[in-house]
Every structure is written in structure tokens, then in C-alpha cells.
2 protein chains.
Amino acid sequence: MKVGLVGAGTVGGGVCEILRLRAEQLPALEVTKICVRDAAKKRDFEVPAGCEIVTDVNAIINDDSIEMVIELMGGVTVAKDVVMGALVKGKHVVTGNKALIAAHLPEIQAAAKAGNAAFGYEAAVCGSIPIIAAMRRDYVGDTITAVMGIMNGTTNFILSKMESEGADYSDVLAEAQQLGYAETPPDFDVEGWDARSKLAILCKLAFGVFVPELNIPCAGITRIAAVDFEYAKQLQSTVKILGVASRNEDGSISAHVSTMVVPFSSPLSRVTGPMNCIEVTSQNCAQMCFSGPGAGRYPTANSVVNDVAMIGSGGGRGDPFPMNSAAQVKSEVSGRFYIRFTICDGLGIIRTIGEKAEKAGISIHSILQTPIVNPQKVMFVLTTERTTLTAVKQMCDEVAKLSWNKDEALIMPIMD
Amino acid sequence: MKVGLVGAGTVGGGVCEILRLRAEQLPALEVTKICVRDAAKKRDFEVPAGCEIVTDVNAIINDDSIEMVIELMGGVTVAKDVVMGALVKGKHVVTGNKALIAAHLPEIQAAAKAGNAAFGYEAAVCGSIPIIAAMRRDYVGDTITAVMGIMNGTTNFILSKMESEGADYSDVLAEAQQLGYAETPPDFDVEGWDARSKLAILCKLAFGVFVPELNIPCAGITRIAAVDFEYAKQLQSTVKILGVASRNEDGSISAHVSTMVVPFSSPLSRVTGPMNCIEVTSQNCAQMCFSGPGAGRYPTANSVVNDVAMIGSGGGRGDPFPMNSAAQVKSEVSGRFYIRFTICDGLGIIRTIGEKAEKAGISIHSILQTPIVNPQKVMFVLTTERTTLTAVKQMCDEVAKLSWNKDEALIMPIMD
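Residue numbers restart at each chain and count upward from 1, following the sequence in its written direction. Chain letters start at A and ligand numbers start at 1, both assigned in the order the entries are written. Restriction of local features to residues with pLDDT of at least 70 applies here, the model being predicted, together with a cutoff of 80 or more for giving and counting side-chain atom pairs; totals for whole chains, interfaces and linings are based on all residues.

K.L.:
Just give me the short version of the overall build of chain A, but keep the residues and values in it.
P.N.:
The number of helices and strands found in chain A is 13 helices and 18 strands. The quantity called the radius of gyration is restricted to C-alpha atoms. Its globule counterpart is 2.2 Å times the number of residues to the power 0.38. In terms of overall dimensions, chain A is globule-like: its C-alpha atoms have a radius of gyration of 23 Å, near the 22 Å expected for 416 residues. Along the first, second and third principal axes, the C-alpha set of chain A runs to 80 × 45 × 35 Å. For the exposure call, what matters is how many other C-beta atoms sit within 10 Å of a residue's own: 20 or more marks it buried, 12 or fewer exposed, and in between partly exposed, using C-beta atoms placed from the backbone. Every one of the 416 residues in chain A was classed for burial, and the buried ones make up 51%. Throughout, a pair of residues is in contact if the C-beta atoms placed from their backbones lie within 7 Å. Contacts spanning at least 24 positions in sequence make up 74% of the contacts within chain A whose residues lie at least 6 apart. Strands here mean DSSP runs of E at least two residues long; helices mean DSSP runs of H or I at least four residues long; both are numbered from the N terminus.

K.L.:
Give a detailed account of the interface of chain A and chain B, specifying residues and quantitative values.
P.N.:
Interfaces are often described in size by the accessible area the parts lose on coming together. Chain A puts 34 residues into the contact, and the matching count from chain B is 34 residues. When residues of the side of chain A that touches chain B are traced back to their parent elements, those giving at least two are α5 (131-137), β12 (286-293) and α11 (297-312) of chain A. By residue number, the principal contributor to the side of chain A that touches chain B is β12 of chain A, which donates eight residues. In this count, Pro and Cys sit with the nonpolar residues alongside Ala, Val, Leu, Ile, Met, Phe, Trp and Tyr, while Asp, Glu, Lys and Arg are called charged and the others, Gly among them, polar. Of the residues in the side of chain A that touches chain B, the class split is 19 nonpolar, 10 polar and five charged.

K.L.:
Give a detailed account of the sheet that holds strand β5 (residues 92-95) of chain B, specifying residues and quantitative values.
P.N.:
All names here are of chain B. Paired strands are those between which DSSP finds at least two bridges. In spatial order, the strands read β3-β2-β1-β4-β5-β6; together these six strands make up an open sheet with parallel pairing. Whereas interior strands pair on both sides, the edge strands pair on one side only; in this sheet they are β3 (52-54) and β6 (119-120). With three bridges connecting them, strand β2 (residues 30-35) and β3 associate as parallel partners. Counted as the bridge partner of K33 is E52 from β3. Taken strand by strand, helix α11 (residues 297-312) contacts β4 (68-71), β5 and β6, and its axis lies near 165° from that of β5. In this description, a line fitted to the C-alpha atoms serves as the axis of each element, helices being fitted only across the stretch in contact, and the angle between N-to-C directions of two axes falls anywhere from 0 to 180 degrees.

K.L.:
Can you explain the packing of helix α6 (residues 153-165) of chain B against helix α7 (residues 169-178) of chain B? Please cite residues and give values.
P.N.:
All names here are of chain B. Running from amino to carboxyl end, α6 crosses α7 at an angle of 130°, the nearest separation of the two axes being 9 Å. It follows that α6 is oblique to α7 by the angle criterion. When you trace α6 past α7, the crossing you get is right-handed. Listed contacts from α7 to T154, F157, I158, K161 and M162 of α6 are Y169, V172, L173 and A176. Of the residues assigned to the contact of α6 with α7, the class counts are seven nonpolar, one polar and one charged. Throughout this description, any angle smaller than 35 degrees is read as roughly parallel, any larger than 145 degrees as roughly antiparallel, any in the 65 to 115 degree range as roughly perpendicular, and the remainder as oblique. When the near helix sits turned anticlockwise from the far one by under a right angle, the crossing is termed left-handed; a clockwise turn instead gives a right-handed crossing.

K.L.:
Just give me the short version of the nonpolar core, but keep the residues and values in it.
P.N.:
By convention the nonpolar core is taken to be a set of buried residues drawn from Ala, Val, Leu, Ile, Met, Phe, Trp, Tyr and Cys and joined through C-beta atoms within 7 Å. Judged by nonpolar contacts, the single largest core of 270 residues is most densely connected at I70 of chain A together with I70 of chain B. Leave out the neighbours within four places in its chain, and I70 of chain A touches V3, L5, V6, V15, V94, V304 and V308 of chain A.

K.L.:
Give a detailed account of the relation of the copies chain A and chain B, specifying residues and quantitative values.
P.N.:
The copies are overlaid by a least-squares fit using only the C-alpha atoms of residues whose pLDDT is at least 70 in both copies. Once chain A has been moved 0.0 Å along the axis and rotated by 180°, it coincides with chain B to within an RMSD of 0.0 Å. Seen this way, the second copy is the image of the first under a two-fold rotation axis. Within chain A, the C-alpha atom positioned nearest to the axis of rotation is that of F290 of chain A, 2.4 Å from it. Looking at chain A, 100% of its interface residues are interface residues in chain B too, so the copies touch through the same face.

K.L.:
Lay out the environment of I53 of chain A in plain terms, naming residues and giving numbers.
P.N.:
All names here are of chain A. Relative to the helices and strands, I53 is located in strand β3 (residues 52-54). As for I53 and A39, which are separated by 14 residues in sequence, their C-alpha atoms are 6.4 Å apart. Contact partners of I53, with chain neighbours within four places excluded, come to I34, V36, A39 and V47.

K.L.:
Tell me about the domain arrangement of chain A, and please be specific about residues and values.
P.N.:
Residue and element names in this part refer to chain A. Marked domain ranges trace back to an automatic or database domain assignment. Segmentation of chain A into domains returns domain 1 (2-120), domain 2 (131-293 + 324-330) and domain 3 (334-414). The centre of domain 2, based on its C-alpha atoms, is set 25 Å off from the matching centre of domain 3. If you look at the interface, domain 2 gives 10 residues, while domain 3 gives 10 residues. It is helix α10 (residues 226-234) that contributes the most residues to the side of domain 2 that touches domain 3, five residues altogether.

K.L.:
Tell me about the environment of K401 of chain A, and name the residues and values.
P.N.:
Assignment of secondary structure puts K401 of chain A in the loop between α13 (389-400) and β18 (405-414). With 305 residues separating them along the chain, K401 of chain A and G96 of chain A place their C-alpha atoms 45 Å apart.

K.L.:
Describe unusual backbone geometry, naming the residues involved and giving the relevant values.
P.N.:
Residues T184 of chain A and P185 of chain A are joined by a peptide bond in cis, for which omega reads -5°. Looking at where P185 of chain A falls in the secondary structure, it is placed in the loop between α7 (169-179) and α8 (187-190). For Q236 of chain B, which is not a glycine, the phi torsion comes out positive at approximately 55°. As for its placement among the helices and strands, Q236 of chain B is situated in the loop between α10 (226-234) and β9 (237-247). By C-beta crowding, Q236 of chain B is classed as exposed, having 11 other C-beta atoms within 10 Å.

Here it is as C-alpha cells:
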């Protein structure tokens, strides 16, 4: 089978290296064209013998001898043309482009069907972890009730370093950028958008529902401070950013990406560094957990190669998103919450906050306050009993109007 | 596709229930015959409409209308006839019978090839964890260097209960038997034989080598005492029984099942209760980890159904054990060791043990001894630097000859 590769950076180069070094254990495949931005650039991998370097994606899309296209250029504009163009022409496509899939899942699904082509996207979600294969294959006789986990290595690296070193966000971010774990600007990771794309894809596989990303509430890590790890520790917990999707009792689906207070008793609390970890809860299997490197050249390239090999040996056909459901999606987040207030110390503050909580129908579970060092900037934490994010935000909006409130409250769900 | 089921106990009944309850999400399958020992026995599941209950396996093997046989009767005698008989007739086979596969892997592989039949065995290794699918699919362009993990739920339940309650082995075993977690007699689990079967299967998938079970050194949990958890804790560790297989630098393979000293820093140390957890180390993916329920009606039946559905929809063909290698298998275990001696207190014991260690070429890493309560029965622990199990056993054999030695030394590898 002749293969065209679009994008020959970190992951694309890794794919070429694996295909070259492991040729004898893989189905017969030949990369005949590689499309890059700059044909003259020196490559950090060995270009396959006889492979043509091109700079126009149409040289691959319109090449009838090419049966499979590997898209690893990233982005959602040209990459979309490549993926859709290849699929409708009946070329199989393998991609690691989570943003593209999350943005255009229904069109991709339709194009794969129209072209009767295989669509492999294992590399799009959580690096080397074979979570897409597991979701497509291992729950065919089961009902998934929840999918949650650490879906972004950059932010997990930052949060676990903040936890272990008591360091502040900006310092650790700078270090992560120096180490190449975080990009500049880091928004896609630290705002939770990368995890949100992955969660949107997992929602479709787990529940059959396509949830547009903008309908998934998303709160990143930029406002997490060292003090939050101190307070979390008092709750026998740490802080992680998780993607969470679950089936509610009424059949509707809830999904959100958020920093959360995660108890030490949860395996997710111990996933450190740039690792990813996904927990899948289902009726037959109770809970299964899949963890591994969430990014990196060879872990991600390995997932690409798995798809390429599967398709190359005749597998991977059929609807890439086999489950279809009309379940309703709720944007509400329910549960217990951690609310960190920043105030100027004074009389009657706890009483007032108690009143605002009562007015919002929120029952207070605990109030945590370390001894005050600077009365002009006191950070204390309130944890709630089970309520909704809407109620919590309503309460915080009320508090925000008061003179002694010095900063927007930080709100995090507490993992059960 | 018409299906025959042999064995309708815990797992077989679960399979029938899933096939019935999830029919609309599964490929079209019809269980037309179920073979049981006692046709009159009341079933704890709904027998499919039109399904015939038979008591002779040949009624299924010789039924040309049946294309797939699910073997869930257990054992290695009649079950072997069923599996081999079905495969050579070209019937696809799905089984959860780890003992059978580990005992007759090469014959099963040959029969599947001869009959051009699919052979699914996801349920044979670690309940619901899709480790067989992962090993067959997700490392096609990779090289696995080690597979290790908690492969038996019964013993993990017993050890984690001993750890959390400071209880002794016999008490916890009795409780596990009452709860249905352990069988009577419990030998298959507590001697490590069940884990050894699974490890033999994983060795073939990871390294292409069939290792007969009796060539895999195996040490169960029966001699572990509460005191071992106390000493392990001093080493920031706990005690787990693990299956371990790895590729040595010279290309040879080592495999053993053993209670081991596992540091708290390892995720395996925190797998508690009847859960299983497998870590796979490879060149492309560094380390991936798969965990979930290792046994139970629906977790195991879910794995059976995954295979049945895959085969029913045309997948799962090809060599069920695709990797074949002539790598040498070494029965030696190398690493650091924990040795617990039981002695009658006296003068010169540490000096003598030091001499015996030196004679065996073993460098001592630490000596742990809690204050002596009963001088007639002192348990103390020696940990070694890197050496071999052969050297450790040689040293312990020398110590065993001495008058103050009161019991066989307990030897456990220490996980790196």
C-alpha cells in the first residue's frame, strides 16, 4: 500500500523512523510522498528511499496511487482540506489532529462513510495510550457511564511540579517552556483547550454524542496558586486538571474540563509529570484505567503506526465513531465545590459569606483558613456540600460586589 | 453466526446475559447450543430462545451449523478436546481458559492455523483488562522490553488486606474464602500458578517465546507473614505478588512469578483488593499501564463478548500469537533481594551470616531487625545489592545447616 505523509515534524519524523526500523514486523507499506512546508529543510529522520518531497498537499490528495494519507501537519484549515479531500476520494486517513476532529467530527464521519475509507485517530487522544482502540473495541457489549482523566501532559507536569516544590504557577510554566514541555504562548494547554478537544472525541465514543467544544465548560490552570495545594492537602487531596464526561441518571450527558480537587485515594492523584491517565467506568467492567506518556515523538508516532498497520492489513474499516445517540447534553456541573476567596480582613466576613451561601441554596461543608499573614490579602477556602456550578457562581457573583472582596473567587469541583 | 457455548457457570451465564441484553449493539449472533454437565440444573441466566441444552460436547463440535465455539468450562482435558476439535474443524474459538492455553499454546496456534480459524482469548488474562488486544495490536511497530504486574486478584486481595490490617495470612485467607474471593483449596491462586499461566501467555505475545510453565520460577504467598509488611514498610515498600517477564541485554528472556518488595513509589504498590494491573515497557512508549477488575462474572464475560463480537463481525483472524522468536529463556532471577531469616538468638550470628554472604559473592545492602521479643524466634531481614537468586539460595542453604537457624529463609526479589 502506498502512503502519503503530510507533515514531517516531530511526530511525522518519528513515524518515518518506526516504519523504516520496524519494516519487517509491519505490513508492506511504502511512503511515496511527504508534503512539507520547506522542501530544503534538513530532516531529523531518514527520508525513505524513492520518496518524493513535495510542498503542495494536492500532490498527495490527487495522486491516485496513494491509498492512505497520514496527516500530521496540525491546524484546522489546510489539514481539514487534506483529511476531507482524502476521505471523499476513498483514501484511508490516519491523523493525530485532535483539534480538527473535535471541530469537524460529524463532517469527518460523513466523509469517511461517503468514501468508504478507514479513519484512524489513535494518536489524537493521549499519545501512546490506546484509548481509542479500547473505546471502539472493548465496550461493544457494555454501557459506559463515565470517562475521566488527565488528558494533557503539559498541565499535569506543571501542576505536579507546583505540588512537589510548593512553587508558583508562573515559575513552573517558565521552566516547562524551557524544557520544551510547554509552548509559547501556552494557551492551548494551560487554558484546557487541548484536553477539551480530547474530551469531545471521547464523549462521542463513550456516549455517541457529539458535543461541540464551546459547549464544554472549560477552566484552565492559570489561576491555580501554591496556596491551593496547601488547602487541598488539608483535604487529603491535590489539584489536577481533568476532563470529565458522564451519563446522568436521566440519560443526559455532562462534560467539563476543569482543575479539580482530587483526593489522594484516587489513582489520578498520583499521576505525575507529563503522563496521561484515563479512567473508564462501565456497567460490566466497573472501572478500568489506562495510563502512559501523553505526548512525545515516539509514543505518539507509535499510535500513528498502529493505525497505519491496522489499516494496511485490512482492518480499521467501518464507522470510526460507531455509536450514535441523541442524548441531551447538559452544560451544568454538579457536585461538591472548593471555593477560594481572596479578601481584605475585616469583621463579619464569614457571616456575610454564610448568608450569600444560604441565599444561593448552598450548604457549607468546611471552612479552611491558615493563620493570616497579610490582612490586606487573605486567602481562605470554603468547601460545599453537593450543589451546582451555577449556584456557586451566583454566590461568588454576590460576594464579588462586596468591598472587602479583592479578587475573583477560584472555583474547583471536588472529585467524589 | 451460530454459536455454541460450552460451560454455563459464572462467566458463561454472564456472556448469555450480555448477549441478550445488548443484542442491538452487537453483531448478529445466535447461541444455538449450550453444553452443561447437568441439563436439569436451574440456571442463573436466561437461556436464549430456541437454544438447545446439551450434555455432550460433541453435539457442538460436530454441529456443522455452528461457526463459533465459546469454551468456558475450564480444565485442561475435555476443554482441550473442545478447543482443538473446534479449531481443526475451522470453527472460531473464544475461551477464557488460561491454564489450557499456557499448557498447550503451540498446539492451539497450529490448530488455529490449520483450521484457518480465529482464536480469541482476551478473557484468559486479567479479566476485563484488554491486555491481549493491546499486546496484539498496539506494539506492532515497537519492541517490548518488559511486562510485569499484578495478575491475580485473589492474592492481591489477601496481601492488601494483610497490609492494611496487619493481619496474618491464614486469617485473611479464611476471610477471602468466605467472601468467595478464594477457592478451597486455594492452591491455584496462592501458589502463583494462575498468575504463571497468564505470564506464560504474555511472554509469547511480548517476546514471541513460548515458555512452558514449569520453566517459570514461581513463589506464592503462603509464607508471607505480617512481619514482612513491617519490614517492607521500613524500606518504603509493600509486598505484592507479581508476574515479571523481561528481555535481557543479551536478547534472552527472563520470567518469574514471585512475591516481591514493591516500593510505594511504584503504581503497583497502590493496586488494592481484587484488582489487576499490568505495566508494559517498550522502546517507543516507555511505560504504559492497564488496570481493572481481574475477575468476576461481568468483567470476564465482557472480554469474552468483545472477542465474540470482533470475530462475529469478521475481525480477529490471523495468527493469535503473531510473534515468533527463538530467544533463549533463562530461569535465573537477577536483582536485589529481601531475605527474612528466622533464628534463635545467640552470639556471632550476624558475623556468620556476613561470612556466608561473602562466600556466595553477595554484598549486603541493609540489615533490618525490630527489637527482639522472643529470643527463641527472632525474625530479621537482610537486603542485598544486585545478585542472583541462585547465589541467594546457595547462601540460605548454608545458613540452613546452622543450629540457630529455625526456619527456611523467605526470599523475595526487590523491585527496582
